[in-house]
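Chain by chain, the residues:
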Protein chains: 2
Amino acid sequence: MTSTDPGPLRPTRQRRAVAEALASFADFRSAQEIHDLLRQRGEKVGLATVYRTLQKLADAGEVDMLRSEDGEAVYRRCSESHHHHLVCRHCGATVEVEGPAVERWTRSMAAEHGYADVSHTLEIFGSCPACS
Amino acid sequence: MTSTDPGPLRPTRQRRAVAEALASFADFRSAQEIHDLLRQRGEKVGLATVYRTLQKLADAGEVDMLRSEDGEAVYRRCSESHHHHLVCRHCGATVEVEGPAVERWTRSMAAEHGYADVSHTLEIFGSCPACS
DNA sequence: GGGCGATTGAGAATCATTGTCAAATGCCTC
DNA sequence: GAGGCATTTGACAATGATTCTCAATCGCCC
Ligand SMILES: [Zn+2]
Ligand SMILES: [Zn+2]
Ligand SMILES: [Zn+2]
Ligand SMILES: [Zn+2]
């Protein structure tokens, strides 16, 4: 090991608040939206702290982060296993989808061309039944 | 038709310059990098114009745009047919990849959940052989 | 050459995100 | 239960990509 283990996050009021907020909605939301939500609930948490917390949670794999069609980072508490998303571009309604074949395909493409250390992003955008 | 056809883009010195720049490299580059490239070549083109031109080309499907891992929009002249990318996260080396099965899969996922008007993004990031 | 809508460019304006740094807070030890 | 100390926070400044503004230019057609 070359680096010191950062250890688990220290539990603070702010981090708890963000975690609770994340548990309270099912669509993808931006840091600013989550900050607003906290404010409405009467929780005082600095915007910078919301950004920092979301980033750490994303690094730890506890939330999923993706970029909306206009490039903003948005976050959502998801299931543990690797999956992708079907996102309504109007209301944000999200469905988690899994595709083992897709996973295999990305790996084989990377291998075929000698790429190492591979990651991938795959999102599907559309209009959900309610918004169509 | 509900809207007036905007018609083809008027050919200007600036747009030609951007098109030539795009033809001169094979990796994905940001608007700013393309602007720098133009400047080095002695072409005077405003940064805003580079942004506008790239956007129009992307809308017209003449270039591909994707977001690098840190969220910046990057552009590349690609082949006509629908495809995805295997991108080196260090040097930008890019391989176009096609996967009919993936296309079918995204369509069927969307259909299964009643999503209409579907689009998808799929990119693979890794370290190319030269950078590994 | 003139008319006119499309295009350009320099700079200001936006806006998400990150950096700064002093003050506040968990946690551990005594 | 106080003290020491590294972590965390928050108000605010700073950054950086992208977009907007609008007068000056340009391409196209007569
Ligand atoms: Zn997810
Ligand atoms: Zn996957
Ligand atoms: Zn492409
Ligand atoms: Zn490389």
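Just above, that's the structure.
First things first, this report covers the structure right here in the doc. Quick caveat: nothing in here was measured; it's all calculated off a predicted structure. Residues take numbers from 1 onward in each chain, read along the sequence in its written order. For this description, chains carry letters from A and ligands carry numbers from 1, given in the order in which they are written. For a predicted model such as this one, the threshold for reporting local features is a pLDDT of at least 70, and the threshold for listing and counting side-chain atom pairs is 80 or more; totals across whole chains, interfaces and linings nevertheless cover every residue. Values reported for side chains reflect all heavy atoms of the structure, with hydrogen atoms and water molecules removed beforehand.

### Some points on the packing of helix H1 (residues 13–23) of chain B against helix H2 (residues 31–40) of chain B
Residues and elements named next belong to chain B.
Logical step 1: Between N-to-C directions, angles cover 0 to 180 degrees, with each direction set by a line fitted to C-alpha atoms, over the stretch in contact for helices. Comment: elements are numbered from the N terminus, with helices defined as DSSP H or I runs of at least four residues and strands as E runs of at least two. Their axes nearest at 10 Å, the elements H1 and H2 cross at an angle of 105°. Classed by the angle they form, the pair H1 and H2 counts as roughly perpendicular. Touching Ala 17, Val 18, Ala 21 and Leu 22 of H1 are Ile 34, Leu 37 and Leu 38, all from H2.
Logical step 2: For this classification, Asp, Glu, Lys and Arg are treated as charged, while Ala, Val, Leu, Ile, Met, Phe, Trp, Tyr, Cys and Pro are nonpolar and the rest, including Gly, are polar. Of the residues belonging to the contact of H1 with H2, the class tally is seven nonpolar, no polar and no charged. Small angles under 35 degrees read as roughly parallel and large ones over 145 as roughly antiparallel, with 65 to 115 read as roughly perpendicular and the rest as oblique. Working rule for contacts: check all heavy atoms of both residues, and any pair within 4.5 Å makes them a contact.

### Some remarks on the coordination of the zinc ion (ligand 4)
Residues and elements named next belong to chain B.
Logical step 1: Metal donors: N, O and S atoms at distances within 2.8 Å, or within 3.2 Å for Na, K and Ca, with water omitted from the atom set so that some sites may seem incomplete. Within the protein, the atoms that donate to the zinc ion (ligand 4) are Cys 88 (SG), Cys 91 (SG), Cys 128 (SG) and Cys 131 (SG), at distances of 2.2 to 2.4 Å.
Logical step 2: Along the chain, the residues donating to the zinc ion (ligand 4) fall in the pattern C-x2-C-x36-C-x2-C. Of this pair, Cys 88 sits in strand S4 (residues 84–88) while Cys 131 sits in the segment after strand S6 (116–127), and the two are 43 residues apart along the sequence.
Logical step 3: Accessibility expressed as a relative area gives 3% for Cys 88, which makes it buried.
Logical step 4: Per-residue accessibility, obtained with a 1.4 Å probe over protein chains only, is compared with the maximum for each type, and a residue is labelled buried under 20%, exposed over 50%, and partly exposed between these values. Take Cys 131: its relative accessible area is 32%, and that puts it in the partly exposed class.

### Describing the sheet that holds strand S1 (residues 29–30) of chain B
Residues and elements named next belong to chain B.
Logical step 1: As summarised here, the arrangement of the three strands in space is S1-S3-S2, forming an open sheet in which the pairing is antiparallel. The strands lining the two open edges of the sheet, one partner per strand, are S1 and strand S2 (64–67).
Logical step 2: Across two bridges, S1 lies against strand S3 (residues 73–76) in antiparallel orientation. When the sheet's bridge partners are listed, Arg 29 is paired in S3 with Tyr 75. By definition, two strands form a pair when at least two bridges between them are found by DSSP.

### Quick notes on the protein's contact with DNA strand C
Logical step 1: For this description, a residue counts as near a given molecule or strand if any of its non-hydrogen atoms is within 4 Å of it. Near DNA strand C you find 19 residues, and of these Tyr51(A), Arg10(B), Arg15(B), Thr49(B) and Arg52(B) are the closest.
Logical step 2: Backbone atoms, meaning sugar and phosphate, form 70% of the atoms of DNA strand C found within 4 Å of the protein.
Logical step 3: For this analysis, a polar contact is any N or O atom pair within 3.5 Å, provided that within protein one partner can donate a hydrogen and the other can accept it, and provided that sequence-adjacent residues contribute only side-chain to side-chain pairs. Measuring from a phosphate oxygen of DNA strand C, one finds a side-chain N or O atom of Arg15(B) at 2.3 Å.
Logical step 4: With respect to DNA strand C, the side chain of Arg52(B) contributes an N or O atom lying 2.6 Å from a base nitrogen.
Logical step 5: For the surface near DNA strand C, the secondary structure elements donating two or more residues are helix H3 (47–59) of chain A together with H1 and helix H3 (47–59) of chain B.
Logical step 6: If one sorts the elements of the surface near DNA strand C by residue count, H3(A) sits on top with four residues.
Logical step 7: Tallied by class, residues from the surface near DNA strand C come to five nonpolar, six polar and eight charged.

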